Amino acid sequence: MSGWDIILYGALPYAAVAAFFMGHYWRYRRDQYGWTSRSTQLLESRALRLGSVAFHYGVFAAIGGHVLGILIPASWTDAVGIDEDAYHVISVIGGLTAGGAVLFGMLVLIWRRARYPRVRVTTTRTDVVVFALLAIGILTGLAVTVNNVVDAVNYRETASPWFRSLFALDPDIDAMSGANWVLQVHVTSVWLLYAMWPLSRLVHAWSIPVDWFRRSPIPYRGRVAAARSTR
């Protein structure tokens, strides 16, 4: 166990969680007008619709997969009749599907931001950092899943017990220090993303549109159409 192991797998998770919650509290109290996704839908909508839908549905599926693979011990899945071989097949198929959707959506959104100057100028330095962390997290997550096809990265024996040990305030640093380096990069990039979350447009994830389904749609009309309608 090295000093970097202690920092990355012992201190960073708690520092990231503290920054996550304290940053959101500060942002909500000090910058409520900036609590937004800074939507560029009016500047371009077709590529946004395609990329955003794929990205968000892929993220939801990936979160579900992480809950099953990280939080639930192997003994629990064995108890309900899912042996290791069956779990392995489910995790690989589910991980590739969810990760592929996230990657596809991310690529479309990046292409959109690079392709349309009106969208590109809305990009901030914080956006670039968040996009970079997301890209690293997505690519390494897919790499872990691909390597898991031949069981090269057994995260249920490394990352899973380490992550659960964080809740007991007794991190099993040795478990993560011996993990595959791709998994280590994946875990570190995700914790850094959590720390950056309250400083970015990702805060819009907590603005749940509970009233969205019963609201009337907002019509957008061009000047020509508006002028004709007043004649």
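That block above? That's the structure.
Source: prediction; values computed, not measured.

A. Examining the nonpolar core more closely. Membership of the largest hydrophobic core comes to 18 residues, with the highest contact counts inside it found for Tyr155, Ala159, Trp162, Met176, Leu183, Val187 and Trp191. Elements that contribute at least two residues to this core include exactly helix H1 (3-30), helix H7 (159-167), helix H8 (173-177) and helix H9 (181-196). The element best represented in this core is H9, accounting for four residues. Excluding residues within four positions of it along the chain, Trp191 makes contact with Leu12, Pro13, Ala16, Val17, Trp162, Phe163 and Leu166. Leu48, Val102, Leu142 and Met196 belong to the second largest nonpolar core, which has 17 residues in total.

B. Examining helix H4 (residues 84-115) more closely. Between its first and last C-alpha, H4 extends 45 Å over 32 residues, near the 46 Å set by a 1.5 Å rise per residue. Listed as buried for H4 are Tyr87, Ser91, Val92, Ala98, Gly99, Val102, Gly105, Met106, Val108, Leu109, Arg112 and Arg113. Next to the buried residues of H4 lie helix H2 (46-71), helix H5 (117-120) and helix H6 (125-147).

C. Structural context of the side chain of Thr158. Within the secondary structure, Thr158 is located in the loop between H6 and H7. In this structure Thr158 comes out as buried when scored by relative accessible area, which is 14%. Apart from the residues within four sequence positions on either side, Thr158 is in contact with Ala175, Met176, Ala179 and Leu183.

D. Representation of the packing of aromatic side chains. Taken as a whole and judged by the stated rule, the model has 12 aromatic pairs. Here Tyr28 and Trp35 contribute two aromatic rings whose centre-to-centre distance is 5.5 Å and whose plane-to-plane angle is 85 degrees, an arrangement assigned as edge-to-face. On the accessibility criterion, Trp35 (17% relative accessible area) is buried. On the numbers, 5.5 Å between centres and 80 degrees between planes, the contact of Phe163 with Phe167 is edge-to-face. Of the two residues, Phe163 and Phe167 are both situated in helix H7; the distance of four residues between them amounts to about one turn of the helix. Judged by relative accessible area, Phe163 falls into the partly exposed class, the value being 22%.

Cut-offs used in this document
- Residues numbered from 1 in each chain as written.
- Predicted model: local features only at pLDDT ≥ 70, side-chain atom pairs only at ≥ 80, totals over all residues.
- Heavy atoms only, no water.
- Core = buried A, V, L, I, M, F, W, Y, C linked by side-chain atoms within 4.5 Å.
- Buried < 20%, exposed > 50% of the residue type's maximum accessible area, 1.4 Å probe, protein only.
- Helix = DSSP H or I, 4+ residues; strand = E, 2+ residues; numbered from the N terminus.
- Contact = heavy atoms within 4.5 Å.
- Expected span 1.5 Å × (residues − 1).
- Phe/Tyr/Trp six-rings, centres within 6.5 Å; stacked < 30°, edge-to-face > 60°.

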